[in-house]
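Observations on chain architecture
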Amino acid sequence: MNADANAVSTAALGEPVLTARNLSIEYEVDPPVKAVRGASITLHRGEILGLAGESGCGKTTLAYGLNRLLKAPALMTGGEVVFHDASGDDIDVVGLDGEALRRFRWNKVSMVFQGSMNSLNPVMNVRKQLHDVFTTHRPGMKRAEREARSAELLTLVGVDPTRLSSFPHELSGGMRQRVMIAMALALDPQVMIMDEPTTALDVVVQRGIIREIMRLRERLGFAVVFITHDLPLLIEISDRIAIMLDGEIIEQGDAEQIYRAPGHPYTRRLLSSFPSLRGDRGDFIRTGAAAGGAA
Amino acid sequence: MSGRATAIEATTLEARNLVKDFRLRSGTKVRTLHAVKDVSFTLEPGRTIALVGESGSGKSTIARMMAKLETPSSGEVLLDGRVSATRGGGLARYRRDVQMVFQDPFSSLNPFHPILHHLERPLRIHNPRLSSRQIRERAEELLERVRLSPAATFADRRPHELSGGQRQRVAIARALAPGSRFIIADEPVSMLDVSIRLGVLNLLAELQRQEHLGVLYITHDLATARHFSDEILVMYRGEIVERGPSEQVILDPRHEYTKTLLEAAADPDRLGRLRDDVRNGG
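Along each chain, residues carry numbers from 1 onward, in the same order as the chain's sequence is written. Key to labels: chains lettered from A, ligands numbered from 1, both in the order written. Only residues with pLDDT of at least 70 are given local features in this predicted model, and only at 80 or more are side-chain atom pairs given and counted; all residues enter the totals for whole chains, interfaces and linings.

1. Quick look at the overall build of chain B
When its secondary structure is counted, chain B shows 11 helices and 10 strands. Scaling as 2.2 N^0.38, a compact globule of 282 residues should have a C-alpha radius of gyration of about 19 Å, and chain B matches this with 20 Å. Summarising its shape, the C-alpha atoms of chain B cover approximately 70 × 45 × 45 Å along the three principal directions. Exposure classes come from backbone-placed C-beta atoms, where a residue is buried if 20 or more other C-beta atoms lie within 10 Å of its own, exposed if 12 or fewer do, and partly exposed in between. When each of the 282 residues of chain B is scored for burial, the buried share is 45%. Here, residues touch in the contact sense if the C-beta positions derived from the backbone fall within 7 Å of one another. Pairs at least 24 residues apart make up 66% of the contacts formed inside chain B by residues separated by at least 6 positions. Helical segments are the DSSP runs of H or I of at least four residues, strand segments are the runs of E of at least two, and each set is numbered from the N terminus. We compute the radius of gyration from the C-alpha atoms alone; for a globule the expected value is 2.2 Å times N to the 0.38, where N is the number of residues.

What follows is the structure, given as structure tokens:
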């Protein structure tokens, strides 16, 4: 959008960790659907980047593209994704294949999926599912080490390690979500992509988990792409925000700038869709006077 | 609107000491869930009461009891001060006055029937003397009132051809069809895309003013509860823990639970505060 503004925020936020340039993704159905159209985003080390948009705008497809999780009929038709590893190497994510791709995923970039409540395997206990991550990605690890690390992870996300023996149905929605976050943290990734991680939860539980994510970020230093349609929440927690509409990123900037001085009409419309909790009425037309009168 | 004549009278819809227990069976054990514990409030024409709380707090159970879809374990629902029948003609008269808008517009409309059918049916049931032409006219008039205009282009379409927002407008039109005086709206916009939510709420507010309806607005969203209603009742585990004028409950909450809810609600004005909080060891 604004080159100057971007330069300033880059300086304040440190090095980029994930860069996507002109990313385009199509669903090869008849007729083809251009779900993501020339999207460019830069995620800096340790920052929370909010990705906001309504259902169908392509935000989940973009997230899958960043992590190379697209499945047919989705196809990346253009653009590049570069991961800037902490070691100093740049990894061309689009070009990854086979073993290299497997090593990249979850190690460097992990994901907390939408509807995580249902992404745990119902017939496996938490222990087995956490151990799985290590048996797959850290084959040299001993059983005792896996167990210790799994317990440590649960403690980290605020779940009692005795829950390792629990099955998903024995956990509350909030706990299941925390387990999913533990799983995403397992390999100490530099980037976590969170797709509507708290949408299905009650506000009080949601707030607890958001706080946990913020706390873990301070401690572990990973960067987050946080995807949701809940713009007020994003403004509250993000460092920067990108707004998506019809597959395009129509505006991105500091959270404060998006909130106080939105540039795009759609951003303004989205903002005005949320009546303010404590402040003015915004677009809300109902007035006390009119309600009292017998119109 | 001929049905409007009755709406001017001073009338009320009252929940008096409503209690609802559910018996839950798991295996051979039976336990009782106290979903609603002694809840009372009075809905008046031209006023909106918001019932807020988290899932499981009992707010939808109250909605269903008010709409007579659920029978209270004890306590009663009084229309104009009278207990009304739970079946037959008495129930039909009750439903003429009290209607419900459900949360999910994708499942509350029948996919086999065109939009017009959803409006003609309540019109026919509650106005048996009207001719088919009159019914059709009224149905189209209802569509226009909820801004599905021109009505003729929507009348013959089926629910799947409409967007979520349009479907919810049909649901609102259907609730108004009998000439209702009270509307129970259970999370009417939570399934809709964010940018159309306010449009639907504004429409509901506008119809409420025009028709002088009493509205029970059930939601978990404190911000819209504040702006859309005159009074807020905060529910927690089946009980109303706080009630009062909307502005007061939101801006100056008294009960700890209300404070917790407000603290948990997203508020862009607190930009960056959570981060700073966490950094300072909070």
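2. Thoughts on the overall build of chain A
When helices and strands are counted, chain A shows 11 helices and 10 strands. Looking at chain A as a whole, 41% of its 295 residues are labelled buried. Across chain A, contacts joining residues at least 24 apart in sequence account for 68% of those joining residues at least 6 apart.

3. A few points about the sheet that holds strand S2 (residues 33–44) of chain A
Residue and element names in this part refer to chain A. Each pair of strands is called paired provided DSSP finds at least two bridges between the two strands. What the 4 strands build is an open sheet, ordered S2-S1-S4-S5; its pairing is antiparallel. Each edge of the open sheet carries a strand with a single partner, namely S2 and strand S5 (90–92). Ignoring which end each strand starts from, the neighbouring axes of this sheet average 5 degrees apart. As defined by bridge partners, strand S4 (residues 74–84) adjoins S5 across 3 bridges and the pair is classed as antiparallel. For helices, the fitted axis covers only the stretch in contact; all axes are lines through C-alpha atoms, and the angles between them, taken along N-to-C directions, range from 0 to 180 degrees.

4. Remarks on the interface of chain A and chain B
Each partner contributes residues to the interface: chain A has 39 residues there, and chain B has 37 residues. Elements supplying a minimum of two residues to the side of chain A that touches chain B: helix H7 (203–220), helix H8 (231–237), helix H9 (255–260), helix H10 (265–272) and helix H11 (288–292) of chain A. Tallying contributions element by element places H7 of chain A first for the side of chain A that touches chain B, with 8 residues. Counted by class, the side of chain A that touches chain B contains 19 nonpolar, 6 polar and 14 charged residues. Gly falls in the polar group here, along with every residue not listed as nonpolar (Ala, Val, Leu, Ile, Met, Phe, Trp, Tyr, Cys, Pro) or charged (Asp, Glu, Lys, Arg).

5. Observations regarding helix H6 (residues 164–176) of chain B
Residue and element names in this part refer to chain B. Between its first and last C-alpha, H6 extends 19 Å over 13 residues, near the 18 Å set by a 1.5 Å rise per residue. Where burial is concerned, most of H6 is hidden: 11 out of the 13 residues are buried. Those residues of H6 not exposed but buried are Gln-166, Arg-167, Gln-168, Arg-169, Val-170, Ala-171, Ile-172, Ala-173, Arg-174, Ala-175 and Leu-176. Given a helix with a known number of residues, its expected span is that number minus one, times 1.5 Å.

6. Focus on the environment of Asn-22 of chain A
Residues and elements named next belong to chain A. Mapped onto the fold, Asn-22 is located in strand S1 (residues 16–27). Residue class for Asn-22 comes out exposed when judged on the 11 C-beta atoms lying within 10 Å of it. Separated by 156 residues in sequence, Asn-22 and Arg-178 place their C-alpha atoms 33 Å apart. Sequence-distant contacts of Asn-22, that is, excluding residues within four places in its chain, are made with Gly-38, Ser-40, Gly-78 and Gly-79.

7. Digging into the domain arrangement of chain A
Residues and elements named next belong to chain A. Throughout, the edges of the domains are those of an automatic or database domain assignment. Here chain A is partitioned into domain 1 (1–108 + 190–276) and domain 2 (115–188). Contact with domain 1, which involves 13 residues of that partner, is made by 16 residues of domain 2. In terms of residue class, the side of domain 1 that touches domain 2 is built from 9 nonpolar, 3 polar and 1 charged.

8. Comments concerning the sheet that holds strand S9 (residues 240–245) of chain A
What links the strands of a sheet is backbone hydrogen bonding, and the strands pair in either a parallel or an antiparallel sense. Residue and element names in this part refer to chain A. The mixed open sheet is built from 6 strands, whose spatial order is S6-S7-S8-S3-S9-S10. Each edge of the open sheet is held by one strand with a lone partner, namely strand S6 (109–112) and strand S10 (248–254). With direction set aside, neighbouring strand axes in the sheet form an average angle of 15 degrees. Here 5 bridges tie strand S3 (residues 48–52) to strand S8 (residues 223–228), and the two strands are oriented parallel to one another. Across the sheet, residue Ile-48 finds its bridge partner in S8, namely Val-224. Strand contacts of helix H6 (residues 173–185): S6 and strand S7 (191–195), with the helix running at about 170 degrees to S6, the strand carrying the most contacts.

9. Details of the UniProt feature "domain: ABC transporter" (unreviewed entry) in chain B
Here, the residues flagged by UniProt with the feature "domain: ABC transporter" (unreviewed entry) are residues 13–262 of chain B. The distance from the first to the last C-alpha atom of residues 13–262 of chain B is 29 Å, and the span holds 40% helix and 28% strand. UniProt positions are given in the numbering used here, feature names are shortened, and annotations may be inferred rather than shown by experiment.

10. Remarks on the confidence of the model for chain A
Residues and elements named next belong to chain A. Here pLDDT means the predictor's own confidence in every residue, given as a number from 0 to 100. With 90% of its residues at a pLDDT of 70 or more, chain A has an overall mean of 87. The secondary structure element of chain A with the lowest average pLDDT is H11, at 35, and the one with the highest is S9, at 96. Across residues 1–11 the pLDDT falls below 50, and counting only partners more than four positions away or on other chains, this stretch makes 7 contacts in the model. Confidence drops under pLDDT 50 across residues 285–295; counting only partners more than four residues distant or on other chains, this segment forms 14 contacts.

11. So, the environment of Glu-242 of chain B
Residues and elements named next belong to chain B. Looking at where Glu-242 falls in the secondary structure, it is placed in strand S10 (residues 239–245). Judged by C-beta crowding, with 20 C-beta atoms within 10 Å, Glu-242 ranks as buried. Between the C-alpha atoms of Glu-242 and Lys-259, which are 17 residues apart in sequence, the distance is 10 Å.

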